Amino acid sequence: MAKKRAFITGITGQDGSYLAELLLAKGYTVYGLIRRSSNDPLVRLPQRVRKDITYLYGNLRDSASLRRALEVARPDEIYNLAAQSDVGVSFKIPEETFEINYHGLGRLIHEAVAINPKVRIYQASTSEMYGSTKPPQNERSPFNPVSPYGEAKLRAHEDYVVGYRDRYGLFICSGILFNHESPRRGEHFVTRKITQSLAKIKLGLQKQLELGNLDAKRDWGFAGDYVEAMWRMLQQKKPVDYVISTGETHTVREFLAAAAKALGMTLTFTGKGLRETAMDEKGRVLVKINKNFYRPREVHSLRGDSRKARKELGWDPQVSFDELVTMMALADFERVRREQK
Ligand code: GDD
């Protein structure tokens, strides 16, 4: 049988790197869309897989670039992971966020279907679409986004995923993924910001860490587990949307305390709101609150109910919250120590 061909947008991000590894291990030919950049766009991809991927230049703003890339890749499966994925930043660049996260998907579908109407498309949807809806959130919960990021992702989901599937019978589905992290997570997301800063603090390279809202609750899983769910969705007989989550929720404060513990530090929290601090055993203030890291509107609490995916896809997250935090904290500690030498 001919090798299956996959086309991944966002291959240079955390999820793209894990998904590329997974698909290569399954024998796929993998094509990745990359934007021209003066920095090395491939830093997140492990060396051992970089050479096995065919990179095609293009981006979601440019239909002609998508057409050219898709004509080369001729994919059986498309994974649309490219996005302006920073929720906080989306308040500052709402148009750009809509351009990529909403119109980008529209362009990709039009070009892809013109080449192969039977292509299977995975869309990276998000728990941010639930916004102010109270947990637990599942496939039947109402969507109430509170950020331009959540709005753009929701419109992409409703117009292009649900809408085009119903109207044109396309094989397209959304993974409604709750937060998923790893040592390859971008450094501006809260988990990686915490583990990287604590590693530097432990090694004497940084004095303090400034954060925003410590009370926000997130359902944090391991990205390596979540890409398996993406692949399983495209192997189903029919395109169906699924919530992918652990079912457990923790505050940012709990993540912070657990990361400190993994590095042998104990944090004591005092004060409230903007005056809250966290001190180490010697009474040094390691964590302060900076109101600039608060968002104009916040998603306060996410906890996904992924029973449908567990039942129908046979998917189960393998990495627990404590294992995830420890994995990230130790990976950053080792990396910072290596780079210091
Ligand atoms: N980034 C950041 N930086 N967030 C902070 C900080 C800080 O200094 N301090 C507190 N937070 C809080 C945010 O207010 C938010 O409530 C929570 O930490 C998580 O923020 P992020 O890690 O930036 O992730 P997110 O939940 O907003 O969005 C991520 O998950 C979504 C899935 O629910 C992103 O990966 C999205 O692209 C993804 O769709």
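These numbers come from a predicted model, not from an experiment.

**Details of the domain arrangement of the protein**
Moving on, step 1. Segmentation of the protein into domains returns domain 1 (5-181 + 220-248 + 308-312) and domain 2 (190-217 + 251-299 + 319-340).
Moving on, step 2. Computed over C-alpha atoms, the centres of domain 1 and domain 2 are 29 Å apart.
Moving on, step 3. Contacts between the two partners involve twelve residues from domain 1, matched on the other side by 15 residues from domain 2.
Moving on, step 4. Buried area between domain 1 and domain 2, both sides added, is near 1300 Å², and the carbon and sulfur share of it is 70%.
Moving on, step 5. Linking domain 1 to domain 2 there are zero salt bridges.

**A short note on the sheet that holds strand 4 (residues 77-80)**
Moving on, step 1. Reading across from one edge, 3-2-1-4-5-6-11 is the order of the seven strands in this open sheet, with parallel pairing throughout. Bordering the open sheet on either side are strand 3 (53-57) and strand 11 (242-244), each of which pairs with just one other strand. Geometrically, the sheet is characterised by an average inter-axis angle of 25 degrees between neighbouring strands, direction not taken into account.
Moving on, step 2. One ladder, built from five bridges, connects strand 2 (residues 29-34) with strand 3; its direction is parallel. Each residue of the ladder has a partner; that of Ile-34, found in strand 3, is Tyr-57.
Moving on, step 3. In the packing of helix 5 (residues 94-115) onto the sheet, contacts are made with strand 1 (5-9), strand 4, strand 5 (120-126) and strand 6 (171-177), and the angle to strand 4 comes to roughly 170 degrees.

**What about the packing of aromatic side chains?**
Moving on, step 1. One pass over the structure, following the stated rule, counts twelve aromatic pairs.
Moving on, step 2. Here Tyr-226 and Trp-315 contribute two aromatic rings whose centre-to-centre distance is 5.4 Å and whose plane-to-plane angle is 85 degrees, an arrangement assigned as edge-to-face. Of the two residues, Tyr-226 is situated in helix 8 (residues 223-234) and Trp-315 in the loop between helix 10 (307-312) and helix 11 (321-340); the sequence distance between them amounts to 89 residues.
Moving on, step 3. On the basis of relative accessibility, which here comes to 1%, the residue Trp-315 falls in the buried class.
Moving on, step 4. Linked through ring pairs, Phe-98, Tyr-102, Tyr-160, Tyr-164 and Tyr-168 together constitute an aromatic cluster.
Moving on, step 5. Taking the ring centre of Tyr-102 as reference, the NZ or CZ of Arg-155 above it sits at 4.4 Å.
Moving on, step 6. The side chain of Lys-308 reaches across the aromatic face of Tyr-242, ending 5.1 Å from its centre.

**Section: helix 6 (residues 148-168)**
Moving on, step 1. With 21 residues, helix 6 extends 28 Å between its outermost C-alpha atoms, agreeing within 8% with the 30 Å of an ideal straight helix rising 1.5 Å per residue.
Moving on, step 2. The principal kink in helix 6, of about 30 degrees, is found at His-157.
Moving on, step 3. Once helix 6 finishes, Gly-169 follows within two positions and takes phi at roughly 65 degrees, a positive value.

How each quantity is defined
Residues numbered from 1 in each chain as written. Predicted model: local features only at pLDDT ≥ 70, side-chain atom pairs only at ≥ 80, totals over all residues. Heavy atoms only, no water. Domains from an automatic or database assignment. Contact = heavy atoms within 4.5 Å. Buried area = accessible area lost by both parts, 1.4 Å probe. Salt bridge = Lys/Arg side-chain N within 4 Å of Asp/Glu carboxyl O. Pairing = 2+ DSSP bridges. Helix = DSSP H or I, 4+ residues; strand = E, 2+ residues; numbered from the N terminus. Axes fitted to C-alpha atoms, helices over the stretch in contact; angles between N-to-C directions. Phe/Tyr/Trp six-rings, centres within 6.5 Å; stacked < 30°, edge-to-face > 60°. Buried < 20%, exposed > 50% of the residue type's maximum accessible area, 1.4 Å probe, protein only. Lys NZ or Arg CZ within 6 Å of the ring centre and 35° of its normal. Expected span 1.5 Å × (residues − 1). Bend = angle between axes of the 7 residues up to and from the residue.

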